[in-house]
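Residue-level structural notes
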Amino acid sequence: MSAFSRVFRSREPTPVQVRWQDGEPVEFQRRPERRGVRYLVVDVRERWIEQSPWPFPSPMPVGGDRLRCWRVEARSAEEPEAPGREFVLRMRAGPGVWDLVRVAE
């Protein structure tokens, strides 16, 4: 592994770009891939709020030390007839900053 790879290795969890409507995610794709696979959310199975590992409190009800999470079923936009896959999306620091936390196979 080169020094460059050690310094700039992939970030966990995976950052994603999410489009949402009425407080629910409806579409997402991994960043920074501009032409990566887009997924359409077909079902929201579970919602919860968890505490962030950040050591400082946040004055905002969601963001900073609190994270909104969704367990969703999603299908690839390019293959809508394919079976859905389960993903967990997590919103960090307010709308617009999302992570793809887990992909269940």
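Relevant structure appears above.
The structure contained in this document is the topic of the report that follows.

Moving on, we get to the overall build of the protein. Within the protein, the regular secondary structure consists of one helix and six strands. Starting at the N terminus, the α and β elements of the protein follow one another as α-β-β-β-β-β-β. Nonlocal contacts in the protein, meaning residues at least 24 apart in sequence, comprise 41% of its contacts between residues at least 6 apart. On the protein, roughly 7200 Å² of surface is accessible, and the fraction owed to carbon and sulfur atoms is 52%.

Tallied over the full model, the rule gives 11 salt bridges. We note a salt bridge from Glu 73 to Arg 75, for which the minimum N-O separation is 4.0 Å. Given a relative accessible area of 29%, Arg 75 falls into the partly exposed group. Counted as one network, the salt bridges with shared partners bring together Asp 43, Arg 45, Glu 46, Arg 71, Glu 73, Arg 75 and Glu 86.

Moving on, we get to the nonpolar core. Grouped together as the largest cluster of nonpolar side chains are 13 residues, with contacts concentrated most on Val 16, Phe 28, Val 72, Phe 87, Leu 89, Trp 98 and Leu 100. Going through the elements one at a time, strand 1 (14-21), strand 3 (38-51), strand 4 (66-76), strand 5 (85-91) and strand 6 (98-104) are the ones with two or more residues in this core. Not counting residues within four places of it along the chain, the set of residues in contact with Val 16 comprises Gln 29, Arg 30, Arg 31, Leu 89, Trp 98, Asp 99 and Leu 100.

Here the focus is the pairing of strand 5. Each regular strand displays side chains that alternate between the two surfaces of the sheet. Among the seven residues of strand 5, five are classified as buried, and the element is accordingly described as predominantly covered. Note: strand 4 against strand 5, seven bridges, orientation antiparallel. Of the residues in strand 5, the one forming a bridge with Trp 70 is Leu 89.

As enumerated under the stated definition, the model contains three aromatic pairs in all. Their ring planes at 20 degrees and their centres at 5.3 Å tell us that Phe 28 and Tyr 39 sit as a pair that is stacked. Of this pair, Phe 28 sits in strand 2 (residues 24-30) while Tyr 39 is found in strand 3, placing the two residues 11 residues apart along the sequence. Put simply, the rings of Phe 28, Tyr 39 and Phe 87 touch in pairs and so form one group of aromatic residues.

Here the phi dihedral of Asp 22 falls at roughly 50 degrees; this positive angle occurs in a residue that is not glycine. Note that Asp 22 resides in the loop between strand 1 and strand 2. For Asp 22, a relative accessible area of 79% translates into the label exposed.

Before going further, it helps to examine the pairing of strand 3. In this sheet, strand 3 lies alongside strand 2 in antiparallel orientation, the contact comprising three bridges. Following the sheet pairing, Phe 28 is matched in strand 3 by Tyr 39. In the sheet, strand 3 pairs with strand 4 via 11 bridges, with the strands oriented antiparallel. Bridge pairing links Val 44 to Val 72 in strand 4.

Cut-off values and rules
- Residues numbered from 1 in each chain as written.
- Predicted model: local features only at pLDDT ≥ 70, side-chain atom pairs only at ≥ 80, totals over all residues.
- Heavy atoms only, no water.
- Helix = DSSP H or I, 4+ residues; strand = E, 2+ residues; numbered from the N terminus.
- Contact = heavy atoms within 4.5 Å.
- Areas by Shrake-Rupley, 256 points an atom, 1.4 Å probe, with all protein chains shown as cover.
- Salt bridge = Lys/Arg side-chain N within 4 Å of Asp/Glu carboxyl O.
- Buried < 20%, exposed > 50% of the residue type's maximum accessible area, 1.4 Å probe, protein only.
- Core = buried A, V, L, I, M, F, W, Y, C linked by side-chain atoms within 4.5 Å.
- Pairing = 2+ DSSP bridges.
- Phe/Tyr/Trp six-rings, centres within 6.5 Å; stacked < 30°, edge-to-face > 60°.

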